[in-house]
Structure formats: structure tokens, C-alpha cells
Amino acid sequence: MLSEKDFIAVNYTSFVQNGSFEWSAPSNIALVKYWGKKENQIPANPSVSFTLNNCKTITKLKFEKKENNGAFSFDLLFEGQPKPDFRPKIEKFLQRTEQYLPFLKEYHFVIDTQNTFPHSSGIASSASGMAALAMNFMSLEKQLNPQMDDAYFYAKASFLARLGSGSACRSVKGNVVVWGEHRDFTESTNLYGVEFPYVLHNNFKNYQDTILLVDKGEKQVSSTVGHELMHGHPFAQQRFAQAHENLSKLKDALASGDLDAFIKITESEALTLHSMMMTSMPYFILMKPNTLEIINRIWKFRNETNIPVCFTLDAGANVHVLYPENDKVKVLEFIKNELVAYCQNSQYICDEIGNGAQQIA
Ligand code: DP6
């Protein structure tokens with residue numbers, strides 16, 4: 001396991017004048033949720049997620065050596081157009097990562113980014129976006145230090161992505177990623193995500209995630225504000241302890257293929273996340289009436305058919321419908337017949353478990 005000190009770069013052996021890289025990084029969906037954090041993006045509890053396959057950010061990084069005049073210098077393009085709203089996030093990422101990437105002020109960067117999913121669909125792009133950016137900076141660091149090995153490359157990419165957005169550290173690798181210290185995972189750390197170290201049961205192979213877009217509006221509460229509300233939250237300590245227990249149980253379910261246990265833990269985690277929001281001060285509700293309609297219909301369908309379909313939620317109204325690949329035809333038919341009516345403009349996105357960030361040649 002690597003420590004924070006290991007990520008402080010040593011002297012670089014190569015000189016790089018200019019160039020470009022391009023990486024895609026996927027979104028991920030947490031099963032055991034990260035909600036609450038300490039200083040420096042350290043999670044209050046461990047979490048685990050499925051890496052997705054289709055919902056991705058694709059980012060190209062161009063760089064050209066400049067004088068180090070003590071300032072960051074970058075142009076930011078989103079779908080080919082300048083995007084001033086995104087600049088503060090990038091500026092913050094550069095500030096937080098500079099001590100680990102000492103070359104950041106020595107280059108002018110052009111960051112050219114796009115998502116494969118519709119803009120403002122309510123799908124968080126910070127995880128995939130920060131992960132794609134971190135991959136590009138690691139490619140540049142590897143050019144400056146060519147003897148870097150792959151294990152270090154990916155661990156540091158996840159470490160940097162975490163500094164941009166906590167859950168982004170789970171978007172570097174696939175297909176199940178654990179982030180945060182937990183007794184059952186000897187290699188787990190608060191600093192970066194690690195691949196699930198047990199054999200994933202065949203029941204979860206190509207596991208499906210159909211994302212129902214219930215409400216595409218701007219989030220009422222950013223996750224950063226949400227995490228803060230766990231400080232002094234009356235149920236915080238019990239919640240953090242519960243996340244540890246749920247991760248242990250989920251580990252067993254993922255390895256044994258126990259779909260009943262998987263469903264119970266996953267749905268309970270989603271509802272607990274929203275319960276934390278409803279019981280913080282200030283309190284808030286991010287589910288919409290249609291979120292509840294969908295949940296009830298999923299439960300009814302599952303009871304009537306015995307098909308092991310379940311849901312999870314992130315910090316919003318959209319519903320992730322999770323199910324085995326074997327049941328794809330029947331579940332998609334159910335979604336089209338019964339659930340799409342509750343989606344904004346009938347929109348949904350078909351995704352599945354995936355392999356993590358990829359370099360584009
Ligand atoms: C509900 O990673 O978006 O999706 O670290 O402040 O950027 P920051 O928060 P973020 O929080 C994600 C919260 C969540 C649960 C999860 O993905 O584990």
C-alpha cells in the first residue's frame with residue numbers, strides 16, 4: 001500500500017517540451033455510499049462501487065512548456081467551446097494536486113473535454129471528469145519519469161482524482177472498486193481506490209445499470225455541502241459503523257453470488273443515504289414523487305416475477321436500476337412499459353459494469 005509521501009514526485013529524469021494525451025474515464029455508481037468526509041478529501045467511511053461502461057468523460061490534454069511565473073495557465077473547452085463555469089473546479093484541482101505534480105506551473109494546458117451522456121442529465125460528471133483529467137496528468141508525469149510502473153501510475157491517478165472529487169477515485173479502475181480503509185480489505189486505503197480483490201461471482205458479470213432520468217434540474221444541494229452536513233449529524237457515528245458492516249456483507253454477496261443479500265444491502269444503502277439528508281440540519285429531500293413511484297413499481301415487479309432487479313440512488317432524484325445480464329430482455333421490457341412514464345422526457349440511459357479509464361491512441 002502506498003502512503004501520501006509516495007505521491008510526492010521525485011526529480012524527473014526527462015524533459016518534455018510539448019505534446020498531448022487523451023483519456024476516457026467512466027462514471028461509477030456506489031453500492032455502499034460515501035457520505036461524510038474529513039480534511040483533505042479523506043472519507044468518513046469506506047465505500048464500494050460498480051464502475052460504469054458507457055457514461056464517460058473524454059478529455060484531451062495539450063501542453064506546452066512555459067516559464068514558471070508562479071501561476072497556473074490553462075484554456076478550458078467543453079464540447080469544443082470555452083466553458084468559464086468549469087474553471088473554478090479545475091483551478092481548485094490544480095491547487096490541491098500541485099504538491100504532487102510539481103510541473104503544473106511549468107506548462108500551459110488546453111483541457112478539451114466532453115461527456116458521452118447528455119449535459120445536465122443529473123448524472124454527476126465530476127467523478128468521470130476528475131478521473132479523466134488525473135489520467136492525463138499522470139501520462140505527462142510518466143513521460144517525465146519513464147521508469148514509473150503501472151501500479152504506481154494507476155494508484156496515483158486515483159489519488160489525484162480523489163483530490164478533485166472523492167468518488168472520482170473509484171473511476172480509474174474497474175469493475176468493482178473499494179475506497180477507504182476496511183478490515184476485510186488489507187490493501188484498502190483512504191487515499192485511493194483499489195480493485196475488489198475477491199473473485200466477482202458470475203451473477204454480477206456484465207451487471208446492468210439502467211439510469212432513469214427522473215429530474216434533470218440543477219441539484220438543490222451539492223454533494224460537497226451534503227458531506228459537510230454529516231459533521232455534527234445526530235446519526236453520523238452509527239451510519240459510519242453501518243457502512244463498515246454493509247461493506248463486509250456486500251463483499252460476501254459479491255463473491256458468493258447471493259443476489260438477495262446484494263439487493264437488501266444496496267437498496268438499504270440508497271435509502272440510508274437519503275435518510276441522512278432528511279435528518280441533517282438543514283434537512284432536504286432529493287427524491288421526487290416519481291422516484292418513489294419507480295421504487296414501488298420495482299418492488300412490485302420483483303415480488304411478482306422473482307426477477308432480482310433492484311435500485312440504487314445517488315444524491316439526486318434519478319434511479320439506477322440494477323439487474324443481472326440474464327434478465328436484460330424482461331427487465332428492459334418492464335422499464336419501457338412501466339417506468340419510462342416517470343422519466344423526464346422519457347429519458348433513460350443503458351449502462352453496465354465496465355473496466356475503468358482508457359487511453360485513446
Ligand atoms: C452520494 O464524490 O461528489 O454519490 O468529494 O465533495 O466531490 P466530493 O463529493 P462526491 O460525493 C459523492 C456522493 C455520492 C455517494 C458515492 O458516490 O459514494
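Residues numbered from 1 in each chain as written. Predicted model: local features only at pLDDT ≥ 70, side-chain atom pairs only at ≥ 80, totals over all residues. Heavy atoms only, no water.

Looking at an unreviewed UniProt entry, one finds the protein chain named Diphosphomevalonate decarboxylase, with Flavobacterium beibuense F44-8 as its source organism.

Quick notes on the nonpolar core
Across soluble globular proteins, nonpolar side chains show a tendency to be buried alongside one another. Filter applied, for reference: Put simply, a nonpolar core is a bunch of buried Ala, Val, Leu, Ile, Met, Phe, Trp, Tyr and Cys residues held in one set by side-chain atoms that sit within 4.5 Å of each other. Burial classes follow relative accessibility: with a 1.4 Å probe on protein chains only, a residue under 20% of its type's maximum area counts as buried, one over 50% as exposed, and anything between as partly exposed. Helix numbers and strand numbers start at the N terminus; a helix is a DSSP run of H or I with at least 4 residues, a strand a run of E with at least 2. Either an automatic procedure or a domain database provided the assignment from which the domain bounds are taken. We call two residues in contact when some of their heavy atoms are within 4.5 Å.
Counting 77 residues, the largest nonpolar core has Phe50, Phe103, Phe109, Phe137, Leu140 and Phe262 as the members making the most contacts within it. Considering each element in turn, this core owes the most residues, 11 residues, to helix H2 (residues 126–144). Residue contributions to this core reach at least three from each of two domains, namely domain 1 (4–199) and domain 2 (206–352). Not counting residues up to four positions away in its chain, the partners in contact with Phe137 are Leu61, Phe93, Leu94, Leu101, Phe103, Leu104 and Phe109. Membership of the second largest hydrophobic core comes to 24 residues, among which are Ala270, Met287, Val321 and Val340.

With respect to helix H8 (residues 328–339)
Spacing of three or four residues puts side chains on the same side of an α-helix, whose turn is 3.6 residues. This is how it is decided: This arc is built from the directions going out from the helix axis to the C-beta atoms.
Here H8 has its buried residues at Val331, Leu332, Phe334, Ile335 and Leu339. Around the axis of H8, the buried residues are gathered within 155 degrees of arc, so they sit on the same side. Exposed residues on H8 whose side chains face more than 90 degrees from its buried face are Val329, Lys330, Lys336 and Asn337. Looking at the packing, one finds that the buried side of H8 touches strand S10 (208–212), helix H7 (289–305), strand S12 (319–323) and strand S13 (348–352).

Points about the layout of surface pockets
For clarity, the cut-off: The rule is simple: put a 1 Å grid over the protein atoms alone, call a set of points where a 1.4 Å probe fits but cannot get out a cavity, call an open set with protein on both sides within 12 Å along at least five of seven lines a pocket, and count a residue as lining if it has an atom within 4 Å of a point. Grid points are joined across faces, edges and corners, and a volume is the space filled by probe spheres set on the points. For this classification, the nonpolar set comprises Ala, Val, Leu, Ile, Met, Phe, Trp, Tyr, Cys and Pro, the charged set comprises Asp, Glu, Lys and Arg, and every other residue, Gly included, is treated as polar.
Size it by volume and the second largest pocket reaches roughly 320 Å³. Lining the second largest pocket are 17 residues; nearest its centre among them are Lys38, Glu39, Asn40, Gln41 and Arg96. Those elements giving two or more residues to the lining of the second largest pocket turn out to be strand S2 (37–38), helix H3 (150–164) and helix H4 (223–228). Residue composition of the lining of the second largest pocket, by class: 4 nonpolar, 6 polar and 7 charged. Looking at which domains feed residues into the lining of the second largest pocket, each of domain 1 (4–199) and domain 2 (206–352) supplies at least three.

What about the pattern of salt bridges?
Stated formally: What makes a salt bridge here is a side-chain nitrogen of Lys or Arg within 4 Å of a carboxyl oxygen of Asp or Glu, nothing more.
Summed over the entire model, instances satisfying the criterion amount to 12 salt bridges. Linking Glu269 and Arg239 is a salt bridge whose minimum nitrogen-to-oxygen distance equals 2.8 Å. In this pair, Glu269 sits in helix H6 (residues 259–278) while Arg239 sits in helix H5 (residues 236–256), placing the two residues 30 residues apart along the sequence. Residue class for Arg239 comes out buried when judged on its relative accessible area of 3%. Between Asp252 and Lys251 there is a salt bridge whose closest N-O contact spans 3.4 Å. Note on Asp252: relative accessible area 45%, which makes it partly exposed. Linked through salt bridges whose partners overlap, the residues forming this network are Asp184, Lys251 and Asp252.

A closer look at the environment of Glu98
Topologically, Glu98 is positioned in the loop between helix H1 (87–97) and strand S7 (107–115). Using a relative accessible area of 26% as the deciding quantity, one classes Glu98 as partly exposed. Distance from Glu98 to Lys205, taken between C-alpha atoms, is 38 Å for residues 107 residues apart in sequence. Once residues lying within four places of it in the same chain are set aside, the contact partners of Glu98 are Phe72, Leu104 and Lys105.

Section: the sheet that holds S13
For clarity, the threshold we go by: One bridge is not enough; two strands pair if DSSP finds at least two bridges between them. In this analysis an axis means a line fitted to C-alpha atoms, helices contributing only their contacting stretch, and an angle means the value between N-to-C directions, from 0 to 180 degrees.
Spatial ordering of the open sheet is given by S11-S12-S10-S13, a layout of 4 strands whose pairing is antiparallel. The open sheet terminates on both sides in strands that have one partner only, identified here as strand S11 (310–313) and S13. The average undirected angle you get between the axes of adjacent strands in this sheet is 25 degrees. Inspection of the sheet shows S10 paired to S12 by 5 bridges, in the antiparallel sense. Bridge pairing in S12 places Leu212 opposite Val319. Sheet strands touched by H7: S10, S11 and S12. Its angle to S11, the strand with the most contacts, is close to 155 degrees. The strands that H8 touches are S10, S12 and S13; relative to S12, the one it contacts most, it runs at about 150 degrees.

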